Amino acid sequence: MIDETSEADAGAAIRPDYPEPLWIQAVNLINREIASGVLKPGMRLPPERELCQQLSISRVTLRKALNKLVEDGVLSASHGRGWYVAETAGAAGKEFPNSLESFTETAARMGLVASSRVLRAETRPASLDQAEELSIAPGTPLFHLERVRLLNDVPIALDVTRIPAHLAPTLAEADFSIDSLYEKLAEAGIEPLRADATIEAREADPAAAENLDLAVGKPVLVMRQLAVDRAEHPLFVSTITYAGDRYRLRTFFARSR
């Protein structure tokens with residue numbers, strides 16, 4: 001789609017006799033080009049006239065497809081300069097699993113680089129509500145860790161985690177701009193078995209908007225997790241606020257018999 005060798009294949013991929021509208025076929029084709037690595041984050045697409053010729057579609061149809069990709073966070077438009085693959089496209093185009101794994105493990109599996117910007121890392125007494133959700137006594141020391149999680153330097157989520165300090169006393173000494181919480185817990189002999197989670201859509205508040213480079217009121221997905229060990233003892237609670245256009249959770253449903 002961006003060179004002579006792929007031009008014929010790209011044109012053949014848009015089929016007027018298919019039931020899907022042409023603009024949707026164009027959206028799917030560009031998404032496939034990004035997923036395969038032919039189009040990389042930051043890369044400029046060919047001029048619209050060339051794209052129309054390659055895909056054998058009208059400029060109106062092409063514009064509809066490109067605008068949809070901008071809405072999805074896959075492309076960005078620069079007035080007078082053209083259309084570019086968004087820097088977040090590599091992350092947005094891949095799925096987060098429904099298995100329990102750390103942010104760092106997810107990034108490595110997707111071929112991305114995870115990093116964090118630490119906003120807070122301190123130990124404070126548990127409030128009544130915090131103690132109740134972790135089944136501990138009020139006033140028990142809690143390690144509070146608040147981070148902006150990034151993939152390839154793109155902010156993906158705001159992560160706030162609370163864990164009883166006695167479970168891993170060395171957490172306060174870690175550098176969580178590069179260290180993985182799961183790895184530090186493993187060093188302390190703590191192994192999360194399962195996390196019960198709820199996910200809901202909200203509007204970005206000023207704090208989330210600032211840390212995730214969003215406008216206030218933009219959609220975010222808020223996941224609350226309670227991780228437990230093999231004995232079903234609560235280990236930690238996390239509230240993770242994801243930028244709505246940079247996160248997709250893969251799951252499945254099955255009928256019971």
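Residues numbered from 1 in each chain as written. Predicted model: local features only at pLDDT ≥ 70, side-chain atom pairs only at ≥ 80, totals over all residues. Heavy atoms only, no water.

Participant: Can you explain the packing of aromatic side chains? Please cite residues and give values.
Facilitator: Taken as a whole, this structure holds two aromatic pairs when the rule is applied. An angle of 40 degrees between the planes, with centres 6.1 Å apart, marks the rings of Phe143 and Phe176 as tilted. Here the residue Phe143 occupies a position in strand β4 (residues 141-151), and Phe176 occupies one in the loop between β5 (154-164) and α8 (181-187), the gap between them amounting to 33 residues. In this structure, Phe143 and Phe176 share a single accessibility class: buried. An angle of 70 degrees between the planes, with centres 6.0 Å apart, marks the rings of Tyr182 and Phe236 as edge-to-face. Of this pair, Tyr182 sits in helix α8 while Phe236 sits in strand β8 (residues 234-243), placing them 54 residues apart in sequence. (Phe/Tyr/Trp six-rings, centres within 6.5 Å; stacked < 30°, edge-to-face > 60°. Helix = DSSP H or I, 4+ residues; strand = E, 2+ residues; numbered from the N terminus. Buried < 20%, exposed > 50% of the residue type's maximum accessible area, 1.4 Å probe, protein only.)

Participant: Lay out the pairing of strand β7 (residues 219-228) in plain terms, naming residues and giving numbers.
Facilitator: Alignment of strand β6 (residues 194-203) against β7, held across 10 bridges, turns out to be antiparallel. Within β7, the residue paired with Ala201 across the bridge is Leu221. Connecting the antiparallel pair β7 and β8 is a turn made up of five residues, with Glu232 showing a positive phi of about 70 degrees. (Pairing = 2+ DSSP bridges.)

Participant: Describe in detail the packing of helix α3 (residues 48-55) against helix α4 (residues 59-71), supporting the description with residues and values.
Facilitator: Angle between the axes and distance between the axes: these two values describe a pair of packed helices. Running from N to C, α3 and α4 cross one another at 105 degrees; their axes reach a closest spacing of 10 Å. In terms of orientation, α3 and α4 fall into the roughly perpendicular class. Between α3 and α4, the residues in contact are Glu48, Arg49, Leu51, Cys52 and Leu55 and Arg59, Leu62 and Arg63, respectively. Looking at side-chain class alone, the contact of α3 with α4 contains four nonpolar, no polar and four charged residues. (Axes fitted to C-alpha atoms, helices over the stretch in contact; angles between N-to-C directions. Parallel < 35°, antiparallel > 145°, perpendicular 65-115°, else oblique. Contact = heavy atoms within 4.5 Å. Nonpolar A, V, L, I, M, F, W, Y, C, P; charged D, E, K, R; others polar.)

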